[in-house]
Amino acid sequence: MSHPDEIEDSSAPLIEHLAELRTRLIRSVLAFIVGMIISFTIWNPLFNFLTLPLCDALAARDQSCDLQFIALEEGFFVAISISLLGGLIIGFPIISYQLWRFVAPGLYKSEQGAFLPFLVASPFMFFLGAAFAYYVITPLAFGFFLGFQQPGSLISGTDGNTQAAGILFQGSAKAYLSLTIKFIVAFGLCFQLPVLLTLMGKAGLVSARGLRGTRKYAVVGILIVAAFATPPDVISQVILFVVVYGLYEVSIQLVARVERKREAKLRAEGLWDDDLHGDAAMDDEQKP
């Protein structure tokens, strides 16, 4: 009789694993290409959707929402950029499924059931981060940048009044889209932090105690990520830092919960060693 937790296909030789990996990669690339093609056919409505935060910020200042093509080929590369983003979003469920199908045969059946919630949580957290960037961060950032405009005016000089140059936004479509996609992807990836750390905690690679002990390093790392992931806009950087650090603290609690469940399971099976694990568990309980 086979054990319910027996590993499936564990005896497959290396060449079969490599062939399986190639098959999964090919299917993932095909899903990405199909998503790109679909997005390319509707790139104009997608572009209109991505420019809504800018148009709202300009409308609040009674300005028209017009972007320019600085170079002749810029319109084509704008469509390609939107297609790449659309291909990633549309193909992501299939890519995740292919990853799952490659990893699943090497897991116990109980581990497969434990891994599935992370497979669902990952795209959910990415879309949550992308939505947060689109609906919260971009309006704040664009409002901040547009605040540096100034109308032309007359200034007094030695020869009488002189016309001073005004500063008016006349943006490049390519530059705007690059900035917006950077926001969306950066926040989407940063929102993966709880999923990644919890999964690592479940695998025993990190502990709640270790994460608490590295808070100061996490703060420095998050500050560096915020500096590179957002433009030189203090408001966006502060918001990104606060959000990601909050996710880090949530991750600590999730990893601690995983450890408590693991301890309860080991105790029920009579495999928990108080001499080995007791001190670490006590330290975790004493820390906030």
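Worth saying up front: this structure is predicted, and the values here are computed from it rather than measured. (Residues numbered from 1 in each chain as written. Predicted model: local features only at pLDDT ≥ 70, side-chain atom pairs only at ≥ 80, totals over all residues. Heavy atoms only, no water.)

*Asks:* Please clarify how a nonpolar patch on the surface should be interpreted in this entry.
*Replies:* A contiguous nonpolar surface patch, about 530 Å² in accessible area, is contributed by F49, L52, Y135, V136, L140 and I235. Of the residues forming the nonpolar patch, the biggest block, three residues, is contributed by helix α5 (residues 109–146). We classify L140 as partly exposed; its relative accessible area is 40%. (Patch = residues over 30% accessible without salt bridge, like charges linked within 9 Å, V, L, I, M, F, W, Y side chains within 5 Å. Areas by Shrake-Rupley, 256 points an atom, 1.4 Å probe, with all protein chains shown as cover. Salt bridge = Lys/Arg side-chain N within 4 Å of Asp/Glu carboxyl O. Helix = DSSP H or I, 4+ residues; strand = E, 2+ residues; numbered from the N terminus. Buried < 20%, exposed > 50% of the residue type's maximum accessible area, 1.4 Å probe, protein only.)

*Asks:* Any chance you could explain the UniProt feature "transmembrane region" (unreviewed entry) in the protein here in plain terms?
*Replies:* UniProt annotation of "transmembrane region" (unreviewed entry) refers to residues 25–43, 76–95, 115–137, 179–201, 213–229 and 235–256 when read in the numbering used here. Strand forms 0% of residues 235–256 and helix 100%; the C-alpha atoms that close the span are 32 Å apart. (UniProt positions renumbered as here; feature names shortened; annotations may be inferred.)

*Asks:* What is the right way to read the packing of aromatic side chains from this model?
*Replies:* Pairs of aromatic rings are described using the distance from one ring centre to the other and the angle between the two planes. Summed over the entire model, instances satisfying the criterion amount to 13 aromatic pairs. A centroid spacing of 5.5 Å and a plane angle of 70° characterise the contact between F76 and F77, whose relative ring orientation is edge-to-face. For F76, a relative accessible area of 49% translates into the label partly exposed. Summarising the aromatic geometry, the rings of F132 and F191 are spaced 6.0 Å apart at their centres and angled 35° between planes, so their arrangement reads as tilted. One end of the pair, F132, is in helix α5; the other, F191, is in the loop between α6 (173–190) and α7 (193–202), and 59 residues separate them in sequence. (Phe/Tyr/Trp six-rings, centres within 6.5 Å; stacked < 30°, edge-to-face > 60°.)

*Asks:* Help me understand the nonpolar core in this model?
*Replies:* Most often, soluble globular proteins keep nonpolar side chains buried together rather than apart. By size, the foremost hydrophobic cluster in this structure holds 33 residues, and its most contacted members are F142, F183, F187, L240 and Y248. Counting only elements with at least two residues in this core, the list comes to α3 (52–59), α5, α6, α7, α8 (208–213), α9 (215–229) and α10 (234–268). By size, the runner-up hydrophobic cluster in this structure holds 10 residues, among which are F47, L50, V78 and L177. (Core = buried A, V, L, I, M, F, W, Y, C linked by side-chain atoms within 4.5 Å.)

*Asks:* Please clarify how the confidence of the model for the protein should be interpreted in this entry.
*Replies:* Residues shown with low pLDDT carry predicted positions that ought not to be read at fine detail. Residues of the protein with pLDDT of at least 70 account for 79%, and the chain-wide mean is 79. Put simply, helix α11 (residues 274–286) is where the protein has its lowest mean pLDDT, 50, and helix α2 (residues 43–50) is where it has its highest, 92. Considering only residues more than four positions removed or in separate chains, one finds that residues 4–11, a stretch of pLDDT under 50, has 16 contacts. Every residue in residues 279–288 scores below 50 in pLDDT, and together they form 12 contacts with partners more than four places removed in sequence or on other chains. (pLDDT = per-residue confidence, 0-100. Contact = heavy atoms within 4.5 Å.)

*Asks:* Looking at this structure, I do not really get the state of the cysteines. What am I missing?
*Replies:* Here, the word disulfide means a covalent bond between the sulfur atoms of two cysteines. The full count for this structure, using the stated rule, is one disulfide. At a sulfur-sulfur separation of 2.0 Å, the disulfide partner of C55 is C65. In this structure, the disulfide formed by C55 and C65 twists by about -65° around the S-S bond and is classed as left-handed. In this pair, C55 sits in helix α3 while C65 sits in the loop between α3 and α4 (74–103), placing the two residues 10 residues apart along the sequence. (Disulfide = S-S within 2.5 Å.)

*Asks:* Where do I start with α3 in this structure?
*Replies:* Given 3.6 residues per helical turn, the α-helix brings residues three or four places apart onto the same face. Among the residues of α3, those classed as buried are P53, L54, A57 and L58. When α3 is viewed along its axis, its buried side chains cluster within an angular range of 130° and face the same direction. (Arc of directions from axis to C-beta.)

*Asks:* Please explain the packing of α9 against α10 as it appears in this structure.
*Replies:* Each pair of packed helices can be described by the angle between their axes along with the distance between the axes. For the pair α9 and α10, interaxial distance at closest approach is 9 Å and the crossing angle is 140°. Seen from above, α9 lies across α10 with right-handed handedness. Within the contact between the two elements, α9 uses R215, A218, V219, I222, L223, V225, A226, A227 and A229 and α10 uses Q237, L240, F241, V244, Y245, Y248, E249 and I252. Its residues assigned to classes, the contact of α9 with α10 shows 14 nonpolar, one polar and two charged. (Axes fitted to C-alpha atoms, helices over the stretch in contact; angles between N-to-C directions. Left-handed = near helix turned anticlockwise from the far one by under 90°. Nonpolar A, V, L, I, M, F, W, Y, C, P; charged D, E, K, R; others polar.)

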